[in-house]
Amino acid sequence: MRVDYLIVGQGVAGSLLSYFLLQAGKSVLVVDDGHKHAASITSLGLINPVIGLRLNKAWRAETLLPFARQTYRELEQKFNTKFYRDLNSLRLFIDDKQQKRWQKKKDAPELQPYIGSDIEGEPCKGQIANPHGGVEITGSASIDTAVFVDAFRAYLIGQNALRAGSFSCDDMQIEADCVHWQDVEAGKVIFCDGWQITLNRYFDWLPMSPDKGESIDIEIPGLGLDKILNRGFFMAPTGGDRYRLGATHNHSTFDNVPTDAGKAELLKKIEGIVPKPVRVLAHQAGVRPSSPDRKPILGLHPQHSQLGVFNGLGSKGYSQAPYFARQFADFLLSTGELDAEVRINRFQIDSAQLH
Ligand SMILES: Cc1cc2nc3c(=O)[nH]c(=O)nc-3n(C[C@H](O)[C@H](O)[C@H](O)COP(=O)(O)OP(=O)(O)OC[C@H]3O[C@@H](n4cnc5c(N)ncnc54)[C@H](O)[C@@H]3O)c2cc1C
């Protein structure tokens, strides 16, 4: 079979890139190994305009978040499924220092679109401890990641555009203007393989900083939290008395194995903040495909223009992927340029080291 684009990986990156290419009338085949390594499923799927301990506006929030919202809403309609929820966040300060920092920052013009009311009491009818106060952040959202990935998979199957299996570069022949793999001739192969790009011999020179993360699904009877709770951890309502809690960071072990230490760390974060009992329902781990400057990585291989990459989504895959998948699709279709900040060529490599 002949396709314009063979996409390796059906996480949020590969899903959205394939969508925009299919929308443009291109033929696409997505190869995925059954989400063996998908951070996109482990993810909390949160979209936040105000981030980090320093309460900064997320990079390009004013552009990326509205585009993400519009894209996810469009996909929900197309798939006749719900996975996107606008959900304000309760940003509770972790100490007096953070509270004072906020007093200095809260008049910053770039934060104004996202500032809701102050939180002085204890949320959820006094059940959530709040000794340092907080602020409600507007414009945040949550994605049901398993529903999103499953719905996309079904869509691709319906388009005859998904093949289950593992892609190995050893089985790929690069020709002058195409690539052969198994029975497929593809105009280009685009790697959306998440942190596994570090094992990909055509792109292993990219200075990735993978970051393993764990999350747990918990049940807290009667809490009634209907917003995202952010207090040095994230806890997002997933229905009824259930919440997804995350996340840990580990920069030295890269696998998708949930650990007792990860679970204990997460439960410790909420101890004394939310009421007991807390029942753990599920526990998962994945690896964030982070880049050193925390920006996505898009573009073609410096020597083989038949190979491309859409990666580096780090801890913000669900907010950044829609906009940059669209931008990459436009670039591949020669109808748009890549922003300098996300181009692969910001990383230099000695050509002697390239495959
Ligand atoms: C615990 C945790 C919490 C997170 N929370 C958030 C959050 O709240 N908000 C947010 O925006 N982001 C969050 N993230 C980050 C987000 O999940 C990632 O940025 C995003 O999922 C990366 O998507 P991706 O498509 O690049 O990679 P992945 O989701 O990893 O997808 C890659 C896919 O390619 C497949 N694959 C790889 N190699 C091959 C091969 N050779 N052949 C076939 N298939 C292959 C993999 O199995 C996988 O299915 C979190 C991540 C973790 C781990």
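Residues numbered from 1 in each chain as written. Predicted model: local features only at pLDDT ≥ 70, side-chain atom pairs only at ≥ 80, totals over all residues. Heavy atoms only, no water.

Peer 1: I tried to follow the overall build of the protein on my own but got confused; where do I start?
Peer 2: The number of helices and strands found in the protein is eight helices and 21 strands. For 355 residues, the compact-globule estimate of 2.2 N^0.38 gives 20 Å, and the protein sits close to it at 21 Å. Summarising its shape, the C-alpha atoms of the protein cover approximately 65 × 40 × 40 Å along the three principal directions. The burial tally for the protein puts 51% of its 355 residues in the buried class. Long-range contacts, defined as pairs at least 24 residues apart, comprise 73% of the intrachain contacts of the protein with a sequence gap of at least 6. Surface exposure of the protein reaches about 15700 Å², of which carbon and sulfur atoms provide 47%. (Helix = DSSP H or I, 4+ residues; strand = E, 2+ residues; numbered from the N terminus. Rg over C-alpha atoms; globule rule 2.2 N^0.38 Å. Buried < 20%, exposed > 50% of the residue type's maximum accessible area, 1.4 Å probe, protein only. Contact = heavy atoms within 4.5 Å. Areas by Shrake-Rupley, 256 points an atom, 1.4 Å probe, with all protein chains shown as cover.)

Peer 1: Just checking my understanding: could you explain the state of the cysteines for this structure?
Peer 2: Here, disulfide denotes a covalent bond that connects the sulfur atoms of two cysteines. Applying the stated rule across the entire model yields zero disulfides. You can see Cys192 has no disulfide; the closest cysteine sulfur is in Cys169, sitting 13 Å from it. (Disulfide = S-S within 2.5 Å.)

Peer 1: Could you clarify how one ought to interpret the sheet that holds strand β18 (residues 242-246) in this entry?
Peer 2: Sheet strands pair via backbone hydrogen bonds, and the direction of the pair is either parallel or antiparallel. With mixed pairing, the eight strands of this open sheet are ordered in space as β8-β9-β7-β16-β17-β18-β15-β19. At either margin of the open sheet sits one strand with a lone partner, and together these are β8 (115-119) and β19 (279-288). Going across the sheet, the axis of each strand differs from the next one's by a mean of 20°, ignoring polarity. Sheet topology places strand β16 (residues 228-230) next to strand β17 (residues 234-239); two bridges connect them, and they run antiparallel. Bridge assignment links Asn230 to a residue of β17, and that residue is Phe234. (Pairing = 2+ DSSP bridges. Axes fitted to C-alpha atoms, helices over the stretch in contact; angles between N-to-C directions.)

Peer 1: Hey, could you run me through the pattern of salt bridges in this one?
Peer 2: A pair can form between side chains of opposite charge whenever their charged atoms are brought close. Going through the model one piece at a time under the given rule, you end up with 19 salt bridges. Between Arg2 and Glu185 there is a salt bridge, with the nearest N and O atoms lying 3.0 Å from each other. Of this pair, Arg2 sits in strand β1 (residues 2-8) while Glu185 is found in strand β14 (residues 184-191), placing the two residues 183 residues apart along the sequence. Owing to a relative accessible area of 47%, Arg2 belongs among the partly exposed residues under this scheme. The residue Arg244 makes a salt bridge to Asp217 at a minimum N-O spacing of 2.8 Å. Taken together, the residues span a long stretch of sequence, with Arg244 in strand β18 and Asp217 in strand β15 (residues 211-219) at a distance of 27 residues. (Salt bridge = Lys/Arg side-chain N within 4 Å of Asp/Glu carboxyl O.)

Peer 1: Explanation requested: the packing of aromatic side chains in the structure shown.
Peer 2: We describe a pair of aromatic rings using the distance from one ring centre to the other and the angle between the two ring planes. Using the criterion set out here, one finds 24 aromatic pairs in the structure. The interplanar angle of 80° and the centroid separation of 5.3 Å between the aromatic rings of Phe83 and Phe148 together place this pair among those described as edge-to-face. With Phe83 in the loop between α3 (61-79) and β6 (84-86) and Phe148 in helix α6 (residues 145-158), this pair connects stretches of sequence that are 65 residues apart. (Phe/Tyr/Trp six-rings, centres within 6.5 Å; stacked < 30°, edge-to-face > 60°.)

Peer 1: In this structure, what is going on with the domain arrangement of the protein? I would like to understand it.
Peer 2: Accessible area lost during the coming together of the parts is what is often quoted as the interface size. Split into domains, the protein comes out as domain 1 (2-42 + 146-208 + 292-353) and domain 2 (89-138 + 211-288). Distance between the C-alpha centres of domain 1 and domain 2: 32 Å. In this assembly, eight residues from domain 1 lie in contact with 10 residues from domain 2. Of the roughly 700 Å² buried between domain 1 and domain 2 on both sides combined, carbon and sulfur atoms contribute 59%. Among the residues domain 1 hides against domain 2, the three largest losses belong to Ala39, Thr42 and Trp195. Together they make up 68% of the total. Along the contact surface separating domain 1 from domain 2 lie zero salt bridges. Counting every contact that joins domain 1 to domain 2 gives five residue pairs in polar contact (both at pLDDT 80 or more). A per-class count over the side of domain 1 that touches domain 2 returns three nonpolar, four polar and one charged. (Domains from an automatic or database assignment. Buried area = accessible area lost by both parts, 1.4 Å probe. Polar contact = N/O pair within 3.5 Å; in protein donor to acceptor, adjacent residues only side chain to side chain. Nonpolar A, V, L, I, M, F, W, Y, C, P; charged D, E, K, R; others polar.)

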